[in-house]
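So the chains spell out like this:
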Amino acid sequence: MSQKQEKAILLKLGKLSLNESKPKRNGYKNRPVSPDAVSAEVTDRIALDCEMVGIGTEGKEHMLARVSIVNEQGAVIIDRYVKPQETVIDYRTDISGIRREDIEDGVDFKAVRELVRQIIHGKILVGHALKNDLLVLNLRHPKYNIRDTSRFRPIAKKAGSFGTPSLKSIAYALLGEDIQDGSHDSVEDARAAMKIYLLFQKEWEKNAIPAWALEAHL
């Protein structure tokens, strides 16, 4: 997608354009996601994955560089490169697949964060080690609506994994797919997490704690 097309999408959302540094006067927090901003149906269950680059003195701190969300069928809802908010020390290209040119003309972080916030709101969010993705997005999501494939013990047990399994290992064991062969791809990883979740969906949802039960203890 060209920068011109991306700018048009963000303007339709009432968010930041690629050249703006502040939100519009009227704000945009409660505006619904425009259909023009997404490429596929936003289903009740969606999978999220992010790629990060290194910032800070030694490049060990994380900054969002790409965010991808797919629906239950694996269709891409959004896939955006994100403009750096700070100086990049390490692009981590061998792992992240991110290059300087990918993010130089990326979408503004505040705009893409708001887009992601609206898309995931009220949805069952699937992913692997989602804590890291939500942290780099500076977002929260209700625990009862999170399905993290790194933390569901039946997945690790079925894959013959001890401790916290990697997405690569459980995708190979359970799906027969060899992902992350070289650098990572956030769309591929989100799709793999969704497929794994669907394999365990019945068992997972049977044991999931409903929102009303959690709220009753607050």
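What counts, and where the lines are drawn
- Residues numbered from 1 in each chain as written.
- Predicted model: local features only at pLDDT ≥ 70, side-chain atom pairs only at ≥ 80, totals over all residues.
- Heavy atoms only, no water.
- Helix = DSSP H or I, 4+ residues; strand = E, 2+ residues; numbered from the N terminus.
- Buried < 20%, exposed > 50% of the residue type's maximum accessible area, 1.4 Å probe, protein only.
- Contact = heavy atoms within 4.5 Å.
- Axes fitted to C-alpha atoms, helices over the stretch in contact; angles between N-to-C directions.
- Parallel < 35°, antiparallel > 145°, perpendicular 65-115°, else oblique.
- Left-handed = near helix turned anticlockwise from the far one by under 90°.
- Nonpolar A, V, L, I, M, F, W, Y, C, P; charged D, E, K, R; others polar.
- Pairing = 2+ DSSP bridges.
- Salt bridge = Lys/Arg side-chain N within 4 Å of Asp/Glu carboxyl O.

Another aspect to go through is the side chain of N145. Checked against the element boundaries, N145 lands in the loop between α5 (130-137) and β5 (146-148). The buried category is assigned to N145, whose relative accessible area is 13%. With residues up to four places along the chain from it excluded, the contact list for N145 reads G122, K123, I124 and L125.

A word on the packing of helix α7 (residues 167-175) against helix α8 (residues 186-199). Running from amino to carboxyl end, α7 crosses α8 at an angle of 50°, the nearest separation of the two axes being 10 Å. Here α8 runs oblique to α7, going by the angle between their axes. The two elements α7 and α8 meet at a crossing, and its hand is left-handed. Two secondary-structure elements touch here, α7 through L167, I170, A171, L174 and L175 and α8 through D189, A192, A193, K195, I196 and L199. Looking at the contact of α7 with α8, its residues break down into 9 nonpolar, no polar and 2 charged.

Strand order in this open sheet of 5 strands is β3-β2-β1-β4-β5, and the pairing throughout is mixed. The sheet is open, and its two edges are formed by β3 (76-81) and β5, each paired on a single side. Each strand of the sheet is rotated relative to its neighbour by a mean of 30°, with strand direction disregarded. As judged from the 3 bridges shared by strand β4 (residues 124-127) and β5, these two strands associate in the parallel manner. Across the sheet, the residue bridging to G127 is D148, located in β5. In this fold helix α4 (residues 109-120) packs onto β1 (45-55), β2 (61-70), β3 and β4, with an angle of close to 45° to the strand it touches most, β2.

Let's shift gears to the pattern of salt bridges. The full count for this structure, using the stated rule, is 9 salt bridges. The residue E58 makes a salt bridge to K60 at a minimum N-O spacing of 3.3 Å. Taking the relative accessible area as the measure of exposure, E58 reaches 58% and is therefore exposed. With relative accessibility at 62%, the residue K60 sits in the exposed group. For E114, the salt bridge is made with R117, and the minimal N-O distance between the two is 2.8 Å.

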